[in-house]
Structure formats: C-alpha cells, structure tokens
Amino acid sequence: MNKSTYVTGEEIWFKAYIYNKREKLPFEETTNLYVGLYDSIGRQLTKKIFRASKGYADGHIELDSTLNSGNYYIKASTNWMRNFKDDGAYVQNIKIYQQGESISPRISGKSDYDLQFLPEGGRLISGIKNNIGVKCVDIDGYGAKFIKGIVKDSENKLVNIIEPTASGMTSFVLEPKNGLTYSAEITFENGSVKTFPLPLSTDEGYNVNLVDRDSTNLQLTFGRGSTTKLEKAQEDLILWVSKDGLVKKLDIQFAKGEDYSLVTIDKESLFKGMNVLTLLDQHGRPILERLYFNHKTVSSGTIEISDAEILKDSIAITLKGKFDKSKHIQLSISVLPKATMAYDHDQNILSTFLLSPYLKGHIENPSYYFKEVTKSKIKELDVLLLTQGWSKYDWEELYGGPIQIEFPFERGIELFGKIQSEIKSGDKLMVYPFEDFQGSAIALHADSTEFSIKGLFPTKGQAIRLSILDDRGSIKKPKMYLSARSNMVTDRLANIPGEVRPNNWADNNVGTSQPINLFQDDEPVELDEVTVSAEKNKRRFTTPFVFENKLTKVTDKTAKMYPGVLDLLRNNGFSVIISYEPKFDRVQIKSLRNRKYPVIYIDDVRLMDLDRLLYDYPLSRLDSYYISRSGDGESGAAGGVIRIYTKESDQLEDTSAAKTPKDRILVYNTPLGFESVKSYYSPKYGTSGNTFQNFGVVHWVSSMSLRGNESKTFKVPKTDAQGITLFIEGMGKNGTLISTTLTIP
C-alpha cells in the first residue's frame, strides 16, 4: 500500500503480489483477488474484487468521509486460500483520521516491563548446556531495551551475564544443576531493577543448540537429560527439515552414555528462507522444534537511484536495477515526503512471504529483519526464531495427507441465467461483446431454460446486453432471471494482528499535537448563468474490434450486385457450398486459399451455426462488413475472419411494430464485478504547516518493469516537500523479491 496512515477523502492505492510459497514464483492460477476494509474489532465494512494477472494486481479503495478516526485493517485473499486452516491472507493495520482533527502521539502512562525466558528446544535440561532466549516487552507488548542483566542461582552465586540488545531480545547459556533454582536480575532504562525467575530445570527430555558457524555450514547440537540417557542408552532419532509440505530427513544418533549428538548441515542442502527443524522419536512423534532462516539461498536484488533531475514542474527520477540480467521485476513505488510519518507498515514483501507465514502470533516489525541485512541483524532474527518455539503449522494437519479442496482457483465471474420467455426451435441467445469478452451465441431448447457463462471479467456495473435471435434473423428482448456469481463472502477477522506502533513525533520535530488539515480549501467561484442547448446526436456505428477505416459500407449498389451475404463471400475468396442432404451442414464456407474454415461474427458475436442465419440472408440488412483472408493472427482463424454488422434498424426494430431499442435488447447492469483500474491522481493537498510533510503523498507508481541492470525514468510532481523518500517493493517472474527505501534530499 502507498502508506499506512490516511485522511478521509484520500484513497488507498496498492499493488498486490500473489506468491506461490512452495515454487517461489508468482502465483498465476487465480484472477480474483478480494480486498476488504475492516474496523478495529474485525467487522467487514466493504469488500471489492480486483483482477489479478500472472500474480499481480493493481487497485485503489476510496475512503468514505463518514469513517470515524481510528484503527482499521486491510485484508487481501483469494478463494483458494480458504482451503487452509491458516489461510495465509494478507492483513495490515492502517490508521484513518478525519480531515481537520487534532491528533497527538500516544504516550503510555506507565513504565512496566515483563521478561520471558525460553529455552531452545522448549525444556531447561539440568546437567547439560542450555541456550536460553530472552524476550523483554513493555506494558504495551512492544520490545523494550534493558541496561544489564545478571543470572544467579538459589545460593546467590553469579552464574552468567545477559547482554542487552536494542530489540529487547537476546540469549545466554546456562548449565543448571539439580536441586538449584535460578533467577535473572534486570536493570531497565528507567532505573528500576526487577528479579524474574527462570523456568525450573528437569533431567528428562531433550534440548537443541543451533550455531550458525559460517557462510557454509550450520551446526546442531542435541542434548538429553540424565534420566532419558539411562532409559535409552543408545538411541536413534530422526530430524525432519521441512518447509511448505516438502521434507528432507536426517538420522540423529546418541551413542551409548553420551549427553550430546552433533550434526553439521551444508546450507546449500537446506530450503531457501525458512526451515522447520523437527526432532522425532523412533515412532515419528515430534519431540522438539527449532526454526532457522537460511539467508544464503534467498533470491533478492537491489535498486539504486542513478539520476534525479529537477525540471520546471516535476522531478525526473532514474532507477537502475542491480541484479541478474535474466531477472524481470515488477515494481511498485510509493513516493512520500522525506519527513513522512504516514508510512509505518510493519511488513514488507520479504517478511510477508518469507517470515510471517511460519510464526505464531503477532511479530513486532518483522520487516526490520530484511532491511539492510547485516551479520548482527541475522543474529537478531535467529534469536527471534529461538523464542518462537514451535512453528505456526499444526503437525497433524501439515503431514496428515492431502488437503480437501473445497474452494477452487477462480478465473473470473459466472453469469447465470434462466429464460422465462417462450423458446422456439432454432432460437439462440445472443450475449453481446464487452471488455475481454467476444460475445456468444447459445443454442436454446425448450426443455432447457438455464444457461451459464463462466470466465467473464465485467467491471462493476458493466452493462451486459442480451437478445434472442430466431431462425429468420429477427431479434427480440428476452424475459429472464440473471445473476452474476463469484465466491466473495462477507467475513470477519478471526485473529486481529497488533496495531502499528506509533511513530516518535519528536524525532520529526512535530511537537506534541497537530491538526490534520491535509487538503487545500477551494475558493468559492461565482458562476455566470448560462443556458445550454444541444442537438441529439444520431447513433453512429462503431466496433472495438475493427478500425472504422477498415470497414466496408454496404450501399444500395452493393446490395443489388450481391443479393445475399453468401454471394458477397463467394466474391471475396471463399467457397460456399449449400447442401440439401440432412446429414450434412446446410451451409459450408471455406477459404479458397487453404480450404480452412473462417471465423464468422455477426455484430461481434461469433457464429457457431451458419445454417439458419446466413442461408438466404439479404445483404440489404447489413450496415457494413470486414473480411480478412489472413485471419489477423486470431486463434482458430486460419481460414480468415469475417465480421458482418447489421443495420441498427435490423438489430433493434421488429417489422411488425415500431419499437424503441430497449424493446429488443435486455440490458443487465451487473452489481458484481471487478473494480476498474485507473491511473493515480494526487488530491489537492494544502502546503501550510507540517501536515503535508508528515501525511501527504507526492506520487504513486503502481507498475514499473525493470530487467537486470536496466534503467527506467519516471516523473513525480514538484512539491514543497523537503526531500522525498521512495518506498519500493517488487516481485520478479522468477520469484525474486525486492524491498528497498531510497531517499532524495
């Protein structure tokens, strides 16, 4: 999304990336993307359908001016995701404020902290070394830094020191002794000192210690308690390395009388990104689990600004890719003022696809671990995974056999209808063309009044036109029931993620409070009284499939030369055979050039049955025609393309009575459809104060294609912003993921 904080009157602009986690590629199978807006308690306020193509979708959502200020959520999902207990839907917290409202940063009134101690592997085993994760949080549940920490036993002896980190997560090693308990004395930034008990140790069970030795190898040390060692002197266990249903197996052996079993794994043999390491007993029952993120094999790339030129009313920015030439990336770019406080997404494309799907509960600022990745940040991510314990997925569900497919991939919308008019032999239902639909002629039968057309892509409110065509070529308006169908459902957020942590406004020199007056006040304009009159234009024939200058108009002279349509085709390179044998088609048309059948359309509706419509059809009833002997490259048109267009009177009028056009065509404005994709436009932002600097938008680029080390230039409007920041997200055809932030002073 282009930002995370909005003001009523703005629009949410977004680019959707649909990712196949198992194949690590764009997910191309579905076209229907459902995006909804939900309130602070997870109730759905609105939901729309956006069309996805080859794993990408663009869109926008208008924010109703009646929305109250507060926390809201955006959820994006597909029908296929509903097959899974954890559907993997994208859910992002956003904040919406009313124009003119004064807002202040939230300041907690209390300073209190809590510490959690999480042994690696889940148990604190006495008599052997244990690596213990530490997680410090404040009263609001956010990570909190402490000054120092010391670990003492119940005899008040110092046994270790806990090194603090900025995130509040760290780890230390402890070898507990039987009969002793342990505690940690922590000094916090506010000067307070608190003592926290550590978990009680046991001499039963197993633990693990994962060490990321170097860029090549990963070392795992499994330990066991003394009681377990006595019960099972020599023991064979199994280590499953899994991800998204894919599994690799390693044998783990404890030699007789040994406390530890060590295994070294080549990182190249691990999965890309997240690996779930599960230790199983001889019966296949899970004992412990550890998560590990393999950075070595993650496919990513970088982008840099190679040029920024200030023009008269805009800035021309040139981006240059820095990745393999074979990689073709689709990017979206949010351009905001440098001092923005409105872009506070806790997720980016890397954390969304590579991290969050595997972790339980809300993770504070997961995108942090993929921004400017360093050795220390890799270490911080591993401590996070250490504190996670078991992965998000249920063991029985994940490996209990194939899932039951109840919700299939969707490709478009279904138009269902039931005809209530009288149906005669030879009647056809004509469904006229609209965007991405070439039209259809459906043969009707008296004993079958229902029909269904799948794979349609109408925009919301699209006018779908239908008529019944009889065997004499006359058109009449049908009576029918119509319904547009998809799998869109009203739902509610089951697990609401934590809200985005507010920015520290003091860092942005904003002060303690400010009114959000983001939009420019328009001066009232007095209009002169005018009288408008216009002539009603006559309807002019057009078609989206043929340029007008390519159409041949049927004149009185042409109609006299070629009395019937078939006579015209005979004179334009086609063989026309009329058969009176009942077992043969009555009319057969082939190209004289290659003896192939042409594709024939009438009023842009493809004809599948030529017998009744073209036989003895007078040319005088045509307005114009188009003939291409080559077929224009159209699929199945090796014998050419023929498009004939009837006169308006022939389409819409009955010779038996004078009728208006609406009496010949049924128009169904579908209430269900895809949202229209439109180009970004910037609201009329005001420039006074810091409001625009903190909450405004400079520009939004929904789609930019970049290949390898290619350069692309785009323009953004010149504003009063004191520097601009580019927030760039992207996905390549080969699965490469990109997330970067670039600043222009």
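Everything discussed here concerns the structure shown above.
In this report, the structure presented in the accompanying data block is examined. (Residues numbered from 1 in each chain as written. Predicted model: local features only at pLDDT ≥ 70, side-chain atom pairs only at ≥ 80, totals over all residues. Heavy atoms only, no water.)

1. Section: the sheet that holds strand 22 (residues 260-266)
Keep this limit in mind: Following DSSP output, two strands are said to pair if at least two bridges run between them. Going along the chain from the N terminus, every DSSP run of H or I of four or more residues is numbered as a helix, and every run of E of two or more is numbered as a strand. Each axis is a line fitted through C-alpha atoms, and for a helix only the stretch in contact is used; angles between axes span 0 to 180 degrees, taken between their N-to-C directions.
As summarised here, the arrangement of the three strands in space is 18-19-22, forming an open sheet in which the pairing is antiparallel. The strands lining the two open edges of the sheet, one partner per strand, are strand 18 (206-211) and strand 22. For this sheet the average axis-to-axis angle between neighbouring strands, irrespective of direction, equals 20°. Sheet topology note: the strand 18/strand 19 (residues 217-224) ladder contains six bridges and is antiparallel. Within strand 19, the residue paired with Tyr206 across the bridge is Arg224.

2. A word on the environment of Val605
Selection criterion: By definition in these notes, contact holds between two residues if any of their heavy atoms fall within 4.5 Å.
Looking at the element boundaries, Val605 is found in strand 40 (residues 605-606). Here the alpha-carbon distance between Val605 and Pro433, two residues 172 residues apart in the chain, equals 6.6 Å. Look past the residues within four positions of Val605 in its chain and what remains in contact with it is Met430, Val431, Tyr432, Pro433, Gln438, Gly439, Ser440, Ala441 and Ile600.

3. Some remarks on the packing of aromatic side chains
Our working definition: Only Phe, Tyr and Trp rings take part, Trp by its six-membered ring, and two of them pair if their centres are within 6.5 Å. Stacked means planes under 30 degrees apart, edge-to-face means over 60, and tilted covers everything else. Under the scheme applied here, a residue whose accessible area is under 20% of the maximum for its type counts as buried, over 50% as exposed, and between as partly exposed, the area being computed with a 1.4 Å probe on protein chains only. Counted as over-ring charges are cases with an Arg CZ or a Lys NZ within 6 Å of the ring centre that also lie within 35 degrees of the ring normal.
For the structure shown, the criterion picks out 17 aromatic pairs. For the pair Phe416 and Tyr481, a centre-to-centre distance of 6.4 Å together with 70° between the ring planes defines the contact as edge-to-face. Residue Phe416 is found in strand 28 (residues 413-419), and its partner Tyr481 is found in strand 34 (residues 480-485); the two are separated by 65 residues along the sequence. Exposure remark for Tyr481: the relative accessible area of 42% places this residue in the partly exposed category. Judged by centre distance (5.5 Å) and plane angle (50°), the ring pair of Tyr685 and Phe692 falls under tilted. Like Phe692, Tyr685 is buried. Cluster of aromatic residues (ring-pair linked, three or more members): Trp13, Tyr680 and Tyr681. Above the ring of Tyr358, the side-chain terminus of Lys21 is found at 5.2 Å from the ring centroid. The side chain of Arg51 reaches across the aromatic face of Phe457, ending 3.7 Å from its centre.

4. Points about the sheet that holds strand 5 (residues 32-38)
Across the sheet, which stays open at both edges, the five strands sit in the order 1-9-8-5-6 with mixed pairing between neighbours. Where the open sheet ends on each side, the last strands, each with one partner, are strand 1 (5-7) and strand 6 (44-51). Between one strand axis and the next, the sheet turns by 25° as a mean value, whatever way the strands run. Pairing geometry for strand 8 (residues 70-77) and strand 9 (residues 90-97), over seven bridges, is antiparallel. Its bridge partner being in strand 9, Ala76 is matched across the sheet by Tyr90.

5. Observations concerning the side chain of Ser126
Within the secondary structure layout, Ser126 lies in the loop between strand 11 (113-119) and strand 12 (130-138). Look past the residues within four positions of Ser126 in its chain and what remains in contact with it is Pro176, Lys177, Asn178, Ser201, Thr202 and Asp203.

6. Describing helix 3 (residues 375-388)
Rules: Helices are assigned an expected span. That span is 1.5 Å times one less than the residue count.
For helix 3, built from 14 residues, the straight-helix expectation of 20 Å at 1.5 Å per residue is met to within 8% by its first-to-last C-alpha distance of 20 Å. The elements touched by buried residues of helix 3 are strand 11, strand 12, strand 15 (169-174), strand 18, strand 23 (273-280) and strand 24 (286-294). Two residues or fewer after helix 3 comes Gly389, characterised by a positive phi angle close to 70°.

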